[in-house]
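Residues per chain are reported as follows:
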Amino acid sequence: MSKASTPVDHALFEFIARTTIQEDDLLRSLREAAAREGLPEIHIAPEQAAFLQLILRAANARTVIEVGTLGGYSAIAMARGLPANGRVITHELDPKHAAFAEQWIERSDQRGKIEVRVGNAVQTLPSLADGSADAVFLDADKPGYVTYLQHAMRLLRPGGILLADNVLADGEVSDPKATSTTALAIRRFLAAVQATVSLRSVIVPLGDGCLFGVKDE
Ligand SMILES: C[S@@+](CC[C@H](N)C(=O)[O-])C[C@H]1O[C@@H](n2cnc3c(N)ncnc32)[C@H](O)[C@@H]1O
């Protein structure tokens, strides 16, 4: 057993990306169009998309709830990990992002499987039924993560999966001198995760860090 993890530098990250399922033409075109239309370039990385898709497939997930749609990149990637009757219900605050996502979902191979709900997720999540989700993916405003965690624990069925992006906060999460809004919010979120006794989790250092958790049966 090695005592320390292998540090993943830029070159190793490039290698991981190269040896992972490659981004297809649709997702590449979506990403390029989003940049042209001025959407922020804060979608998940292709290797994270592959990771989410494979986790959902391995878990036989059918219903996924996403918080933070942006242009629909991760929603389409996750929908590809679900069966034909699977469903992604994704929540987006910004109507411009939601409209872009709806347009690209419609032209994707996953049309009919993804529903975009527009509005503040704090207001739109409560209408979803307890235990209705096989997986929840958090990728919206970081100060909201603690609230989204509470919703996720209510929405997930026993054995359901929690995924959350950016839990390394650009590397600031473990730096005590870092006091950015994101670093503070992610530390509060990770403390809340650790305090949630019915959730087992690990941080997977892909992209900016992906929390992977399983709710107890
Ligand atoms: C990091 S991006 C999501 C990226 C997307 N998951 C992907 O990888 O393609 C975060 C998104 O969350 C949205 N957002 C921020 N606050 C929100 C809130 N309170 N409710 C719903 N969406 C929110 C932002 O408008 C933005 O589009």
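This text follows the structure it describes.
Residues numbered from 1 in each chain as written. Predicted model: local features only at pLDDT ≥ 70, side-chain atom pairs only at ≥ 80, totals over all residues.

Chemist: An account of the overall build of the protein chain is requested, with residue identities and associated values reported.
Modeler: The helix and strand inventory of the protein chain stands at 8 helices and 7 strands. Here the protein chain has a C-alpha radius of gyration of 17 Å; the compact-globule value for 217 residues is 17 Å, and the two agree. C-alpha atoms of the protein chain, sized along the principal axes, occupy 45 × 40 × 35 Å. A burial count over the protein chain gives 42% of its 217 residues as buried. Pairs at least 24 residues apart make up 71% of the contacts formed inside the protein chain by residues separated by at least 6 positions. (Helix = DSSP H or I, 4+ residues; strand = E, 2+ residues; numbered from the N terminus. Rg over C-alpha atoms; globule rule 2.2 N^0.38 Å. Buried ≥ 20, exposed ≤ 12 C-beta atoms within 10 Å, placed from the backbone. Contact = placed C-beta atoms within 7 Å.)

Chemist: Describe the environment of Lys3, with residues and values.
Modeler: Within the fold, Lys3 resides in the segment before helix H1 (10-18). Overall, the presence of 4 C-beta atoms within 10 Å leaves Lys3 in the exposed class. Taking the C-alpha atoms as reference, Lys3 lies 31 Å from Phe137; in sequence the two are 134 residues apart.

Chemist: How would you explain unusual backbone geometry if you had to name every residue and give the values?
Modeler: Unlike most non-glycine residues, Leu70 shows phi in positive territory, near 50 degrees. Position of Leu70 among the secondary structure elements: in the loop between strand S1 (63-67) and helix H4 (73-79).

Chemist: Outline the site of the ligand, supporting the account with residue identities and numerical values.
Modeler: Close to the ligand lie 21 residues; His43, Gly68, Tyr73, Ser74 and Ala121 are nearest. Those elements that provide at least two residues to the shell around the ligand are H4, strand S2 (87-92) and helix H6 (121-124). Taken together, the residues that form the shell around the ligand break down as 9 nonpolar, 8 polar and 4 charged. (Near = placed C-beta within 6 Å. Nonpolar A, V, L, I, M, F, W, Y, C, P; charged D, E, K, R; others polar.)

Chemist: How would you summarise the sheet that holds strand S4 (residues 133-138) if you had to cite specific residues and measurements?
Modeler: Strand order in the open sheet formed by 7 strands is S3-S2-S1-S4-S5-S7-S6, and the pairing between neighbours is mixed. Because the sheet does not close on itself, it has two edges, and the strands there are strand S3 (114-118) and strand S6 (199-204). The sheet shows a mean angle of 15 degrees between the axes of neighbouring strands, taken without regard to direction. Seen against the sheet, helix H3 (residues 46-58) touches S1, S4, strand S5 (156-165), S6 and strand S7 (210-215) and runs at an angle of roughly 10 degrees to S7. (Pairing = 2+ DSSP bridges. Axes fitted to C-alpha atoms, helices over the stretch in contact; angles between N-to-C directions.)

Chemist: Tell me about the nonpolar core, and name the residues and values.
Modeler: Judged by nonpolar contacts, the single largest core of 61 residues is most densely connected at Val64, Met78, Ala135, Val136, Leu138, Leu162 and Leu163. Here this core takes 6 residues from H4, the largest share from any one element. In this structure, Val64 is in contact with Leu56, Met78, Leu82, Val88, Ala133, Asp134, Ala135 and Phe137, ignoring residues within four places of it in sequence. (Core = buried A, V, L, I, M, F, W, Y, C linked by C-beta atoms within 7 Å.)

Chemist: I'd love a proper account of the pairing of S6, names of residues and values included.
Modeler: Bridge count for S6 against S7 is 6 bridges, and the pairing is antiparallel. Bridging across to S7, Ser201 finds its partner in Gly213.

Chemist: Residues and numbers for the environment of Phe13, please.
Modeler: Assignment of secondary structure puts Phe13 in helix H1. By the C-beta count within 10 Å, which is 15 here, Phe13 ends up partly exposed. As a C-alpha pair, Phe13 and Asp216 span 203 residues in sequence and 32 Å in three-dimensional space.

Chemist: Which residues make up the packing of helix H7 (residues 145-155) against helix H8 (residues 181-195), and what values go with them?
Modeler: The contact between H7 and H8 brings their axes to 8 Å, and the two run at 30 degrees. Classified by the angle between their axes, H7 and H8 sit roughly parallel to one another. Here H7 contributes Tyr145, Val146 and Leu149 to the contact with H8, which in turn contributes Ala185, Arg188, Phe189, Ala192 and Val193. Of the residues that constitute the contact of H7 with H8, the class distribution is 7 nonpolar, no polar and 1 charged. (Parallel < 35°, antiparallel > 145°, perpendicular 65-115°, else oblique.)

Chemist: Before we move on, can you summarise the environment of Pro126 with the specific residues and values?
Modeler: Along the chain, Pro126 falls in the loop between H6 and S4. As for Pro126 and Phe137, which are separated by 11 residues in sequence, their C-alpha atoms are 16 Å apart.

Chemist: So what about helix H5 (residues 95-106)? Which residues, and what values?
Modeler: When the terminal C-alpha atoms of H5 are compared, their 16 Å separation across 12 residues agrees well with the 16 Å that a helix rising 1.5 Å per residue should span. Of the residues making up H5, those classed as buried are His97, Ala98, Phe100, Ala101, Trp104 and Ile105. Summarising the axial view, the buried residues of H5 lie within an arc of 165 degrees, below the 170-degree limit, and thus occupy one face. Those residues of H5 that are exposed and angled more than 90 degrees off the buried face are Pro95, Lys96 and Glu106. Check the buried side of H5 and you find it contacts helix H2 (25-36), H4, S2 and S3. (Expected span 1.5 Å × (residues − 1). Arc of directions from axis to C-beta.)

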